[in-house]
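So you can see what is in the structure, the chains are spelled out below.
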Amino acid sequence: MKLLMACLAIAISFISSSAAFAKEPATQMTILLERIYVDGEVSEEIKQETITSMKDIWKKYEGWQLVNLDDEQIVFQKMVQDISPLLKANGYFGLTKDGTLSIFEGKPGKSSRVIQSFFQLDIKKLESHQQERLKKGIRVISKDRYKEVIEAYRPFAVTQ
């Protein structure tokens, strides 16, 4: 009986030490998180993480799509069903000089930085209040407003 207990103790000890060897070594890696917004903007977040188990990484980033994996970096991507923080903070619909419906960073006229362009408008078909709204800038405050403005001006798009 003592011999059986001793063998059992040795077997348990061996299994425990083998499990320790089976664990992946801790590795420092760069995690790149890419968020792609409805408006096409892409934000990136870079993290340094010590990875002890790939299983833990898959669990931690569940809902993210793996885009790339190498010895130094893991890249995950996620589609965000909202407009980007940049548009929410400072986005305005307006017209470029050639009459293209665009979103500017800041009010049109004061800002020349176009964040996103859509389609050229037949300005002659717009009512004067519609032209004035675009001249002043229409604030982008939500995904619904974003879609609403694009659809409201789509009928005035120049067709070729």
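Given the structure is predicted, the values throughout are model-derived calculations rather than measurements.

Calculation rules
Residues numbered from 1 in each chain as written. Predicted model: local features only at pLDDT ≥ 70, side-chain atom pairs only at ≥ 80, totals over all residues. Heavy atoms only, no water. Helix = DSSP H or I, 4+ residues; strand = E, 2+ residues; numbered from the N terminus. Buried < 20%, exposed > 50% of the residue type's maximum accessible area, 1.4 Å probe, protein only. Contact = heavy atoms within 4.5 Å. Areas by Shrake-Rupley, 256 points an atom, 1.4 Å probe, with all protein chains shown as cover. Phe/Tyr/Trp six-rings, centres within 6.5 Å; stacked < 30°, edge-to-face > 60°. Pairing = 2+ DSSP bridges. Axes fitted to C-alpha atoms, helices over the stretch in contact; angles between N-to-C directions. pLDDT = per-residue confidence, 0-100. Salt bridge = Lys/Arg side-chain N within 4 Å of Asp/Glu carboxyl O.

**Student:** Just checking my understanding: could you explain the overall build of the protein for this structure?
**Tutor:** Secondary structure assignment for the protein yields five helices and eight strands. Written out in order from the N terminus, the α and β elements of the protein read α-β-β-α-β-β-α-β-β-β-α-β-α. By the burial criterion, 31% of the 160 residues in the protein qualify as buried. Taking all contacts inside the protein whose residues are at least 6 apart in sequence as the whole, residues at least 24 apart take part in 49%. Accessible area of the protein: about 10,900 Å², with a carbon and sulfur share of 54%.

**Student:** Is there a simple way to explain the packing of aromatic side chains in this structure?
**Tutor:** For any pair of aromatic rings, the description consists of the separation of the ring centres together with the inter-plane angle of the planes. All told, the structure shown has six aromatic pairs when counted by the stated rule. Here W58 and F76 contribute two aromatic rings whose centre-to-centre distance is 6.1 Å and whose plane-to-plane angle is 85°, an arrangement assigned as edge-to-face. Of the two residues, W58 is situated in helix α2 (residues 54-60) and F76 in strand β4 (residues 73-80); the sequence distance between them amounts to 18 residues.

**Student:** Looking at this structure, I do not really get the sheet that holds β4. What am I missing?
**Tutor:** Sheet strands line up and pair through hydrogen bonds in the backbone, either parallel or antiparallel. Taken in spatial order, the four strands line up as β2-β1-β4-β3 in an open sheet, and their pairing is mixed. Each edge of the open sheet carries a strand with a single partner, namely β2 (42-51) and β3 (65-69). Each strand of the sheet is rotated relative to its neighbour by a mean of 25°, with strand direction disregarded. Alignment of β3 against β4, held across four bridges, turns out to be antiparallel. Across the sheet, the residue bridging to Q65 is Q77, located in β4.

**Student:** Which parts of the structure should I look at to understand the confidence of the model for the protein?
**Tutor:** Regions with low pLDDT should not have their predicted coordinates read in detail. Scored by pLDDT, the protein has a mean of 82; 84% of the residues are at 70 or more. Mean pLDDT per element in the protein: helix α1 (residues 2-22) is the minimum at 37, and β4 is the maximum at 95. Note on residues 1-22: pLDDT under 50 across the span, and zero contacts to partners over four residues away in sequence or across chains.

**Student:** Sorry if this is basic, but what is going on with the pattern of salt bridges here?
**Tutor:** For side chains bearing opposite charge, pairing can occur when the charged atoms are close. All told, the structure shown has five salt bridges when counted by the stated rule. In this structure, the salt-bridge partner of R35 is E45, at a minimum N-O distance of 3.1 Å. In this pair, R35 sits in strand β1 (residues 27-37) while E45 sits in strand β2, placing the two residues 10 residues apart along the sequence. R35 sits in the partly exposed class, given a relative accessible area of 21%. Its relative accessible area of 30% is what places E45 among the partly exposed residues. In this structure, the salt-bridge partner of K88 is D82, at a minimum N-O distance of 2.6 Å.

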